[in-house]
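Summary of structural features
Below, each chain spelled out in residue letters.
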Amino acid sequence: MECLSVAKPANKKQKSFEESLWDSANKLRGSVESSEYKHIVLSLIFLKFVSDTFEHHRQKLIQNNQEKYVDLVQAYTKENVFYLPEKSRWSFVQQNAKQEDIALKIDTALSTIEKTNKALQGALPDNYFSRLGLDVSKLSALIDVINNIDTLANPHEDVVGRVYEYFLSKFAIAEGKGKGEFYTPKSIVNLIAELIEPYSGKIYDPCCGSGGMFVQSMKFIENHKGNKKDISVYGQEYTGATYKLAKMNLAIRGISANLGAAAKDTFANDQHETLKADFIMANPPFNQKDWRASDELTDDHRWDGYETPSTSNANYGWILHMVSKLSENGIAGFVLSNGALSGGATERAIRAKLVENNLVEAIIILPGSMFYTTDISVSIWIINKNKRAHTVAYEDVTKHYRDREEEILFMDLRQRGEPFEKKFIQFSEQDITDFANTLHTWQQVGAESDYSDIPEYCYSAKKAEIAAKDYSLVPSKYIHFFNRDENIDFDEKMTELKSDMTELLVKESEYKLDLLNVFKELGYEIKL
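A short tour of the structure in this document, coming up.

Regarding the overall build of the chain
When its secondary structure is counted, the chain shows 17 helices and 13 strands. Across the 528 residues of the chain, 48% fall into the buried class. If you take every contact in the chain between residues at least 6 apart in sequence, the share linking residues at least 24 apart comes to 71%.

What follows is the structure, given as structure tokens:
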């Protein structure tokens, strides 16, 4: 069997270990629905990872002459390692992989792990594998492939995180439009993190999906040499299966999070009612209809000072929910469909107040084809509760913000990015750095000399300009675009076109003559 070591650079002619795993797991298709399929793979990877971590710590105890503690739960939990009873370990599952009751054994292993470790309460699938009636040989083959992944091969590399991320994106692509709403492409999440810079404080995602926003927040901290202990994570998710996915995703990365007691609707059952977050990152469902009944949430405190968002579209419900959750200096970065930039009636009234209340910091329109599950046009909104002049210091980073209450930055990234998986677009690391630098330069003291509007890319608009355009936040209404047609020489273009057409017509006559001659030689002359 192919070795799936990840410690060495991959041979270009060989598949990456993620690809090999995907191909092997793909064989399960047909025996289960694709919507179920991801939970099988990700649950097994989770089980392999926690087992590897457990065995590694167990060996350390033995090597340090602490054999008497190898079955003491506290000896593991104090090091943030999950304790696994014998029949919950990967070695037991792997040894019994070809048994007819392997599905039941996996369910028992996962259930026991959850009961033994309070941090995983509600995170793992319950009696899941047994219910699916999986083909034992296919499940056994998948277990063999996962068995070859050394999840601890390189302590500096987030192997399991890579597998999770790869699979979540592949599942989102495979499930196609209208499904896989839980996955926000990595480069969009990276960009939001770099834009809002969550160095320390409380981070919140009101529709957290599989927890990707939190993972990227932690990577931001690592990349900027911060301390992950300075961050508290809060989230909420409506879908039960995705809620479990988020808990597993965060658990394998050692991220402690409060996702509420269970999967709940954020609007109807806000599980963090008193929370004031320093950072909010989110990708709410696009243009969610009928999110509340006409007589529900009509006087909810989250809309205080604004009109009640329409029942026909939840976009402004999400915006006001997030505004209500921001701390005094809080900043939010979230993705919404472009329709929210210019909607009329109630949406227009709320948008005007958001602008007049100095909350809208920036609007960034994204390229098409970035999402795997929809081709809807989307933008990133940056909402900032404090656009006044102030200074923020964290570790060796100090930011001197200028007063921007009368301004909003518009950016157009529709022509930016690079191809990804043939039909999609993503941002490179350099793209993300450049875009974030544009916002940060505009925000800070010195912008008068260091920032300038750039045609077809960015424009700093005054509130009066925005009011004059009826509070539309469509970037193309403010950013200057070149008229590439205005410098065209009409006579020159027509002469060129005439020459091309003449050549085409001459060739057409030649082909016609050749065809008539062929039929004539065959004795079937065509007379026109």
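A look at a negative patch on the surface
A contiguous patch of negative charge on the surface is contributed by D489, D491, E492, E496 and D500. One can find D500 in helix 17 (residues 490-521). The exposure class assigned to D500 is partly exposed, which follows from its relative accessible area of 40%.

What about the packing of helix 12 (residues 315-325) against helix 13 (residues 345-356)?
One can describe the packing of helix 12 onto helix 13 by two numbers: an axis separation of 11 Å at closest approach and a directional angle of 30°. Here helix 12 is positioned roughly parallel relative to helix 13, judged by the angle of their axes. Relative to helix 13, helix 12 is oriented so that their crossing is left-handed. Within the contact between the two elements, helix 12 uses Y316, I319, L320 and V323 and helix 13 uses E347, I350, R351 and L354. For the contact of helix 12 with helix 13, a count of residues per class yields 6 nonpolar, no polar and 2 charged.

Focus on the packing of aromatic side chains
Following the criterion strictly, the structure yields 13 aromatic pairs and no others. When the centroid spacing of 6.2 Å and the interplanar angle of 85° are considered together, the rings of Y316 and W381 count as edge-to-face. Taken as a pair, Y316 in helix 12 and W381 in strand 7 (residues 378-384) lie far apart in primary sequence, 65 residues in all. With respect to burial, Y316 and W381 carry one shared label: buried. Plain terms: the ring middles of F334 and W381 are 6.1 Å apart, the flat faces sit at 20° to each other, and that makes the pair stacked.

Focus on a nonpolar patch on the surface
Side chains of L515, V518, F519, L522, Y524, I526 and L528 sit close together on the surface and give an oily, nonpolar patch of about 770 Å² of accessible area. Assignment of secondary structure puts I526 in the segment after helix 17. A relative accessible area of 37% means that I526 is categorised as partly exposed.

What about unusual backbone geometry?
For S369, which is not glycine, the phi dihedral falls at a positive 60°. With respect to the helices and strands, S369 occurs in the loop between strand 6 (360-365) and strand 7. S369 sits in the partly exposed class, given a relative accessible area of 35%. Positioned with a positive phi, E456 is a non-glycine residue whose angle comes to about 65°. Given the relative accessible area of 22%, E456 is considered partly exposed.

Digging into the sheet that holds strand 5 (residues 326-337)
Taking strand neighbours across the sheet as the criterion, the 9 strands line up as 3-2-1-4-5-7-6-10-13 in an open arrangement whose pairing is mixed. Every other strand in the sheet has two partners, leaving strand 3 (257-258) and strand 13 (458-462) as the edge strands with one partner each.

Some points on helix 5 (residues 102-116)
Compared with the 21 Å implied by 1.5 Å per residue over 15 residues, the 21 Å span of helix 5 between its first and last C-alpha is a close match. Three or more residues of helix 5 are buried, namely I102, A103, K105, I106, D107, A109, L110 and I113.

Things to note about helix 14 (residues 429-443)
Taking 1.5 Å of rise per residue, 15 residues should cover 21 Å, and helix 14 covers 21 Å from first to last C-alpha, within 8% of that figure. Turning to helix 14, its buried residues number three or more, namely D431, I432, F435, A436, T438, L439, H440, W442 and Q443.

Here we look at the environment of G343
Its place among the elements puts G343 in the loop between strand 5 and helix 13. What makes G343 buried here is its relative accessible area of 14%. Put simply, G343 and Y471 are 128 residues apart on the chain and 9.8 Å apart in space, counted from C-alpha to C-alpha. Every residue in contact with G343, bar those within four places of it in the chain, is listed here: R348 and R351.

Overview of the nonpolar core
L191, L195, L366, I380 and L413 are the most contacted members of the largest nonpolar core, which totals 49 residues. With near-sequence residues (within four places) excluded, L413 lies in contact with L191, I364, I365, L366, P367, F427, F435 and Y457. The next biggest cluster of nonpolar side chains, apart from the first, holds 47 residues, and it includes F129, I146, F167 and L245.

Concerning the pairing of strand 7
Two faces belong to every sheet, and in a regular strand the side chains alternate between them. Summarising burial for strand 7: 7 of the 7 residues are buried, a large majority. Residues of strand 7 alternate between two faces, with V378, I380, I382 and N384 on one and S379, W381 and I383 on the opposite face, all of them buried. Examined bridge by bridge, strand 5 and strand 7 share 7 bridges and lie antiparallel to one another. Residue pairing for strand 7: F334 is matched across the bridge by W381. Here strand 6 pairs with strand 7 via 5 bridges, running antiparallel.

What counts as what
Residues numbered from 1 in each chain as written. Predicted model: local features only at pLDDT ≥ 70, side-chain atom pairs only at ≥ 80, totals over all residues. Heavy atoms only, no water. Helix = DSSP H or I, 4+ residues; strand = E, 2+ residues; numbered from the N terminus. Buried < 20%, exposed > 50% of the residue type's maximum accessible area, 1.4 Å probe, protein only. Contact = heavy atoms within 4.5 Å. Patch = residues over 30% accessible without salt bridge, like charges linked within 9 Å, V, L, I, M, F, W, Y side chains within 5 Å. Areas by Shrake-Rupley, 256 points an atom, 1.4 Å probe, with all protein chains shown as cover. Salt bridge = Lys/Arg side-chain N within 4 Å of Asp/Glu carboxyl O. Lys, Arg positive; Asp, Glu negative; His and termini not counted. Charge placed at Lys NZ, Arg CZ, Asp CG, Glu CD. Axes fitted to C-alpha atoms, helices over the stretch in contact; angles between N-to-C directions. Parallel < 35°, antiparallel > 145°, perpendicular 65-115°, else oblique. Left-handed = near helix turned anticlockwise from the far one by under 90°. Nonpolar A, V, L, I, M, F, W, Y, C, P; charged D, E, K, R; others polar. Phe/Tyr/Trp six-rings, centres within 6.5 Å; stacked < 30°, edge-to-face > 60°. Pairing = 2+ DSSP bridges. Expected span 1.5 Å × (residues − 1). Core = buried A, V, L, I, M, F, W, Y, C linked by side-chain atoms within 4.5 Å.

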